[in-house]
Amino acid sequence: MGLKKKLFPRKGKEKDELIIKAKSHIRKISLANKTYSKRSEIARKNAKIALKRGEKERAKNYLIQYKQYQQKVDRANNIRAKIERQIEAIEEGQMISMTGDLMGGIRDELETIATKAAPTKIAEIAEDSEAYVSEIEESAEILAGDPEIDLAIDVSDELNQLETEMLLEQGGQMPDVPIDELQYISEFDLEDEEAPEIKTKAKLEDEIEKLRKELES
């Protein structure tokens, strides 16, 4: 993998190096431009001095130098402007390319999600889920069954007798709705109530045993 990177460097890395070289070249052009500007100013000042001295031909020569340096400054500025414009185009192109890659990745991810969350597929999943729930509930009903039927025990007579007793107790009226104040008796509560009685009986036996030992001694 390392050899492959050396032989075939990534395009992104090449572009970055190219931009670095271009910006470095722009700095060199700027430095040269400053030198040309200073020399052109000096040439123009010398042309003035030559005129003051009455040396017209020398003044012309200095002005020629001045014009030449000004031309170099203009050319350097044009070159710099072209390079900067191309660098900006590369950077903008990279940004657009990265944005395209990003949007492409987002599109692919959305496509994957949309495929998994397609309305028809979700409807199918919901329908299957409801079917499974119904099957589970049906299985639960089969397991639970009806004790009266499963055990073949008929409690109709006992139920009628209880209803008759309640009618007598309540003056001939049955409750229309369940009464929340009436609580069912828990079998576990009965076990708790029996426990103290067992403990008391054991304690009495212990006391009787102690008294018997005292009498024997």
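Everything below is about the structure shown above.
None of these values were measured; they are calculated from a predicted model.

We now examine the overall build of the chain. Within the chain, the secondary structure is distributed over seven helices and zero strands. When the helices and strands of the chain are placed in sequence order, the string is α-α-α-α-α-α-α. Expressed as a percentage of its 217 residues, the buried residues of the chain come to 9%. In the chain, the share of contacts with a sequence separation of at least 24, taken over all contacts with a separation of at least 6, comes to 59%. When the accessible area of the chain is evaluated, it comes to approximately 19,800 Å², of which 56% is carbon and sulfur surface.

Turning our attention to helix 3 (residues 56-116). A rise of 1.5 Å per residue sets the reference length of helix 3, with its 61 residues, at 90 Å; its end C-alpha atoms lie 89 Å apart and thus fit the reference within 8%. Those residues of helix 3 lying buried are Ala59, Tyr69, Val73, Ala76, Ile83, Ile87, Gln94 and Gly104.

Here we take up a negative patch on the surface. A cluster of like negative charges, contributed by Glu130, Glu135, Glu137, Glu138 and Glu141, occupies part of the molecular surface. Here Glu130 lies in helix 4 (residues 119-144). Classification of Glu130 by relative accessible area gives exposed; the value is 54%.

With the rule as written, the count across this model stands at six salt bridges. Glu55 is paired through a salt bridge with Arg58; the nearest N and O atoms lie 3.4 Å apart.

What follows covers the packing of aromatic side chains. Taken as a whole and judged by the stated rule, the model has one aromatic pair. Geometry around Tyr66 places Arg44 over its ring, the cationic atom sitting 5.9 Å from the centre.

For the rest of this paragraph, the subject is the side chain of Ser40. Following the sequence through the fold, Ser40 ends up in helix 2 (residues 11-52). On the basis of relative accessible area, Ser40 is assigned to the buried category, the value being 1%. Reaching out from Ser40, the side chain makes a polar contact with the backbone oxygen of Ser37 at a distance of 2.6 Å.

Together, Leu102, Ile106 and Leu110 make up an exposed nonpolar region whose accessible area comes to about 300 Å². As for its position among the elements, Ile106 is in helix 3.

Scoring rules and cut-offs
Residues numbered from 1 in each chain as written. Predicted model: local features only at pLDDT ≥ 70, side-chain atom pairs only at ≥ 80, totals over all residues. Heavy atoms only, no water. Helix = DSSP H or I, 4+ residues; strand = E, 2+ residues; numbered from the N terminus. Buried < 20%, exposed > 50% of the residue type's maximum accessible area, 1.4 Å probe, protein only. Contact = heavy atoms within 4.5 Å. Areas by Shrake-Rupley, 256 points an atom, 1.4 Å probe, with all protein chains shown as cover. Expected span 1.5 Å × (residues − 1). Patch = residues over 30% accessible without salt bridge, like charges linked within 9 Å, V, L, I, M, F, W, Y side chains within 5 Å. Salt bridge = Lys/Arg side-chain N within 4 Å of Asp/Glu carboxyl O. Lys, Arg positive; Asp, Glu negative; His and termini not counted. Charge placed at Lys NZ, Arg CZ, Asp CG, Glu CD. Phe/Tyr/Trp six-rings, centres within 6.5 Å; stacked < 30°, edge-to-face > 60°. Lys NZ or Arg CZ within 6 Å of the ring centre and 35° of its normal. Polar contact = N/O pair within 3.5 Å; in protein donor to acceptor, adjacent residues only side chain to side chain.

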